[in-house]
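Per-entry structural report
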Amino acid sequence: MNKRILNVLLLLCAASFAMGQGAYSFKINEVVVSNTNGLVDEYGERSAWIEIANTSWGTNNIRSCYLTTTRAALDKNLTVPERVKMMSLIPKGDARTNLAAKEHIVFFADRKTNLGTLHTNFTLVPGEENFIALFDGNGKTLLDSVTVPPLPENASYARVYNGDTEEYEWIVLDATEVTPGGANMGQGKVEDKVAEFKEKDPYGFAMSIMAMAIVFGCLLLLYVFFRLFGYVVTLLGKMTRVRAIRSIHDKAERATIMAKQGMETKGIDMKIYMAVIAMALHEYEEDVHDVESNVLTLHPEEHTDWNAKDNAMREWPK
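For the structure given in this document, a descriptive report is provided here. (Residues numbered from 1 in each chain as written. Predicted model: local features only at pLDDT ≥ 70, side-chain atom pairs only at ≥ 80, totals over all residues. Heavy atoms only, no water.)

With a phi angle near 70°, S64 is a residue other than glycine that sits in the positive phi range. Relative to the helices and strands, S64 resides in the loop between β3 (60–61) and β4 (66–68). Residue K102 is not a glycine yet carries a positive backbone phi of 60°. Position of K102 among the secondary structure elements: in the loop between β6 (98–99) and β7 (104–109). Residue K102 is classed as partly exposed on the basis of its relative accessible area of 29%. (Helix = DSSP H or I, 4+ residues; strand = E, 2+ residues; numbered from the N terminus. Buried < 20%, exposed > 50% of the residue type's maximum accessible area, 1.4 Å probe, protein only.)

So, on to the nonpolar core. Core analysis: the biggest nonpolar cluster contains 31 residues, and I52, L124 and I132 have the highest contact counts within it. Elements that contribute at least two residues to this core include exactly β1 (26–32), β2 (48–54), β7, β8 (130–135) and β9 (142–148). Examining the composition of this core, we find that five residues originate from one element, β7, more than from any other. Leave out the neighbours within four places in its chain, and I52 touches F26, K27, I28, N29, I62, L67, L99, E103, H104, I105, F107 and L134. Counting residues in each nonpolar core, the second largest holds six residues, with Y66, A73, F131 and F135 among its members. (Core = buried A, V, L, I, M, F, W, Y, C linked by side-chain atoms within 4.5 Å. Contact = heavy atoms within 4.5 Å.)

Before going further, it helps to spend a moment on the sheet that holds β7. On the basis of which strands lie adjacent, the open sheet formed by five strands has the order β7-β2-β1-β10-β11 and antiparallel pairing. The outermost strands of the open sheet, each flanked by one partner alone, are β7 and β11 (167–173). Across the sheet, the axes of successive neighbouring strands diverge by a mean angle of 35°, strand direction being ignored. Two elements, β2 and β7, share six bridges in a ladder whose sense is antiparallel. When the sheet's bridge partners are listed, A48 is paired in β7 with A109. (Pairing = 2+ DSSP bridges. Axes fitted to C-alpha atoms, helices over the stretch in contact; angles between N-to-C directions.)

This part covers the packing of aromatic side chains. What the rule picks out here adds up to four aromatic pairs. Considering the side-chain rings of Y157 and W170, the 5.1 Å spacing of their centres and the 20° angle between planes classify their relative orientation as stacked. Of this pair, Y157 sits in strand β10 (residues 156–162) while W170 sits in strand β11, and the two are 13 residues apart along the sequence. For Y157, a relative accessible area of 14% puts it in the buried group. Take W170: its relative accessible area is 25%, and that puts it in the partly exposed class. When the ring of Y161 is compared with that of Y168, the centres are 5.3 Å apart and the planes differ by 65°; the resulting orientation is edge-to-face. What makes Y161 buried here is its relative accessible area of 6%. Note on Y168: relative accessible area 33%, which makes it partly exposed. (Phe/Tyr/Trp six-rings, centres within 6.5 Å; stacked < 30°, edge-to-face > 60°.)

Geometric values such as these leave the question of function open.
Next up, the structure:
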């Protein structure tokens, strides 16, 4: 039972670690503060919005995470309940929060959480600097943050990929370059190498060749692996058979020797003969007798006259 409990705890730890690793793939991707002629929400209304991207190649759910515009939430001395009061929760139960690889989601900063999952309890102030932070569901782990400078109407502050430095950087995009819910490609800069490859190979010929090369390369590696594996298994089998044959041969040789000795000694083990001879030689060399109480040892070659009758008769006085 204790082992089962330990296994369950290990699985839970691994699951929580995997969930934590997935949460770190969420990044604030684009922000529009003054939205007068751009994206509309489910109700046809325009408001400031914040776009978050899943930067990993796996599916991750952003539910239960938090968004905030309060810098005080960065204070590590705050308790989780105190910090949570300063933030806007992303509710559970909405399929839109489950983001596939490289997918984006837009939250409307309109202070109208009653309108649904995609609406926050705070707003962004046009013409001023706005701080935005994304926290994990535990209420204390900071996943990403950005300080948005004052922006013109309908312009965005976007995280784009710089092909020259091969790093991401934040730049201001005008209204024609704003891409809510999609990859940022402002000022001719491609978001990442995948999009850049797609741009250079629009028909997918290079991608097809690469895919086929990878597939055949993997098949070749599998062929080599199984050939080597089969060779090793065959070699081990031969070695096992050789050891077994040697063992049988040794046993047969020992049995032959024992049978031969048995014929010579009439069924008595040679070891017994050897022990008896050794004891006899030892007694002969030592010339001793076992120590026994109340036992007389007689030597016939030395007569003591102990039973002579004349010794029992009285002597005549002189």
